[in-house]
Amino acid sequence: MMEDDDVPQLVEADDAAPVVDEETAQQEIEEKKAKAVPVTILTGYLGAGKTTLLNYILTENHGLKIAVILNEFGEGSAVEKSMSIGQDGAMYEEWLELRNGCLCCSVKDVGVKAIENMMKKKGLFDYVVLETTGLADPGPIASMFWLDDALCSDVKLDGIVTVIDSKYGLKQLGEERSDGSLNEAVRQVALADRIVLNKVDLAKSQELAELKASIQAINSTALIVETNYSKVDLSFVLGIDAYDADERLEDLKAQAVTSTPHLDSSVRTVTIALPGCVDEEEAERWIQDLLWEQQLDDKPCGAEVLRMKGVLSIRGSDNRHILQAVRELYDKTETTEWGDAERVNRLVFIGRNLPEEDLRASFAKLVSSE
Ligand SMILES: Nc1nc2c(ncn2[C@@H]2O[C@H](COP(=O)(O)OP(=O)(O)OP(=O)(O)O)[C@@H](O)[C@H]2O)c(=O)[nH]1
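Residues numbered from 1 in each chain as written. Predicted model: local features only at pLDDT ≥ 70, side-chain atom pairs only at ≥ 80, totals over all residues. Heavy atoms only, no water.

- An unreviewed UniProt entry lists the chain under the name COBW domain-containing protein 6, with Salpingoeca rosetta given as the organism.
- Under the Catalytic activity (unreviewed entry) heading, UniProt states for the chain: "GTP + H2O = GDP + phosphate + H(+)". (UniProt positions renumbered as here; feature names shortened; annotations may be inferred.)

In structure tokens:
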């Protein structure tokens, strides 16, 4: 028997793992990411037109094998839930195979693993559209897929598409919760990368204009399209790479503006842009304090950040560092060179009770000209 102090003997392994250098490992990760199947999360309040959009996506001639997954997150009675677990413990799934090769499936619980298992059974999909129930907060679902994407899974989060009823949207956004929490319609708009403003045939132009103003006040970064029966150019909703750290900064610069809260909504978009450089560690600590502790300068600030994106100009680094956050989860990726471009730290926050001046003043303390 070997004592703790004994020097372990070297054993020659038959199948020694090949030594992989860091660059090759990184390349493999990139390749796997490039092959990962994109997942679009489709949300929208009850009756907004999500199913109509799905039917449209499934019947359009796109030549893709799309799997539509209808999810009933947290819904249903305990009896229904227990019935959803098969005898072998597997989740109950109901599949509908369409003539054009697309599939539709209804599941009680879905996660990255569940989708990976489905692909094992049904063959690879080109694309996955995950429809949440009208009452779901897309945040936790998005975090789940986004987190796994970083861990190099077979699937990756492409973006969040929110369908809104043009006639009743404003009323839904304004509904107050007795416990003071944010209603789902507002959360769905706050987290949206694309907004399909549906049923415009039923809304008066004044109603539509108000609704749009309200949506833009909450989230000024999402692109909006007006539709009837959810007929939308598919490139507007699929393959948008909203979570990729890429050159979308120009979009961010153009779209993101600080918005004024509209009607009673306390959720809005705040943008700060500060030229200069920040220390990497200090900036990360600042972000963590804000997202995790709701603190600025070690003091509670009451800000609830739902979504954040931006670019940091890190001292000592020639490259841009892209930031993405969904609730308390964030990611920072080094990307392109600044070159001759002006180095600006640009942060866009979407959330509740955002103290614009305090955010700017607090972050400004980290910024210096070099
Ligand atoms: N007039 C009009 N009706 C529409 C439009 N889009 C969808 N509808 C109808 O609105 C109803 C609800 O649409 P769905 O697509 O089922 O809405 P949903 O968001 O999936 O609804 P839930 O699953 O209940 O959350 C259906 O009867 C649709 O035919 C539109 O642009 N105009």
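1. Quick word on the environment of Gly47
- By the element assignment, Gly47 lies in the loop between strand E1 (37-44) and helix H2 (50-59).
- Residues Gly47 and Glu207, spaced 160 residues apart in sequence, show a C-alpha to C-alpha distance of 18 Å.
- Ignoring anything within four residues of it in the chain, the contact list for Gly47 reads Asp165 and Lys199. (Helix = DSSP H or I, 4+ residues; strand = E, 2+ residues; numbered from the N terminus. Contact = heavy atoms within 4.5 Å.)

2. A few points about the site of the ligand
- Close to the ligand lie 14 residues; Lys50, Thr51, Thr52, Asp201 and Tyr229 are nearest.
- The contact in question runs from an oxygen atom of the ligand to an N or O atom on the side chain of Lys50, over 2.7 Å.
- Between the ligand and Lys199, the relevant distance is 3.2 Å, taken from an oxygen atom to a side-chain nitrogen or oxygen of the residue.
- Protein burial of the ligand: of its 650 Å² of free accessible surface, 68% is covered by the chains.
- The element contributing the most residues to the shell around the ligand is H2, with three residues.
- Along the lines of polarity and charge, the residues of the shell around the ligand split into five nonpolar, six polar and three charged. (Near = heavy atom within 4 Å. Polar contact = N/O pair within 3.5 Å; in protein donor to acceptor, adjacent residues only side chain to side chain. Areas by Shrake-Rupley, 256 points an atom, 1.4 Å probe, with all protein chains shown as cover. Nonpolar A, V, L, I, M, F, W, Y, C, P; charged D, E, K, R; others polar.)

3. A look at the UniProt feature "domain: CobW C-terminal" (unreviewed entry) in the chain
- Those residues carrying the UniProt feature "domain: CobW C-terminal" (unreviewed entry) are residues 267-367 in this numbering.
- A distance of 27 Å separates the end C-alpha atoms of residues 267-367, which is 23% helix and 49% strand.

4. Description of unusual backbone geometry
- One non-glycine residue, Lys199, adopts positive backbone phi at about 65°.
- Structurally, Lys199 is set in the loop between strand E7 (194-198) and helix H8 (205-218).
- Since its relative accessible area comes to 24%, Lys199 is described here as partly exposed.
- Positive phi, close to 55°, is recorded for Asn353, a residue that is not glycine.
- By the secondary structure assignment, Asn353 is in the loop between strand E15 (344-352) and helix H12 (356-364).
- The partly exposed category is assigned to Asn353, whose relative accessible area is 44%. (Buried < 20%, exposed > 50% of the residue type's maximum accessible area, 1.4 Å probe, protein only.)

5. Points about the pattern of salt bridges
- Within the structure shown, the criterion is met by 14 salt bridges.
- A salt bridge links Glu304 to Arg352; the nearest nitrogen and oxygen atoms lie 3.3 Å apart. Of the two residues, Glu304 sits in strand E12 (residues 304-313) while Arg352 sits in strand E15, which places them 48 residues apart along the sequence.
- With a shortest N-O distance of 3.0 Å, Glu357 and Arg360 are connected by a salt bridge. Here Arg360 and Glu357 lie together in helix H12, a separation of three residues that amounts to about one turn.
- Assessed through its relative accessible area of 23%, Arg360 is described here as partly exposed.
- A cluster of three or more residues bridged by salt bridges with shared partners is formed by Arg268, Glu356, Glu357 and Arg360. (Salt bridge = Lys/Arg side-chain N within 4 Å of Asp/Glu carboxyl O.)

6. Points about the side chain of Gln188
- Structurally, Gln188 can be placed in helix H7 (residues 184-190).
- According to the relative accessible area criterion, Gln188 is buried, its value standing at 2%.
- Polar side-chain contacts of Gln188 include one of 3.3 Å to the backbone nitrogen of Tyr45.

7. Section: the packing of aromatic side chains
- Applying the stated criterion across every chain yields a total of three aromatic pairs.
- On the numbers, 6.3 Å between centres and 55° between planes, the contact of Trp286 with Phe349 is tilted. Of the two residues, Trp286 is situated in helix H11 (residues 280-293) and Phe349 in strand E15; the sequence distance between them amounts to 63 residues. An identical accessibility class is assigned to Trp286 and Phe349; each is buried.
- Measuring from centroid to centroid gives 4.9 Å for Trp286 and Phe363, while their planes differ by 75°, and the two rings are edge-to-face. One end of the pair, Trp286, is in helix H11; the other, Phe363, is in helix H12, with 77 residues separating them in the sequence. There is no split in this pair, since Trp286 and Phe363 are both buried. (Phe/Tyr/Trp six-rings, centres within 6.5 Å; stacked < 30°, edge-to-face > 60°.)

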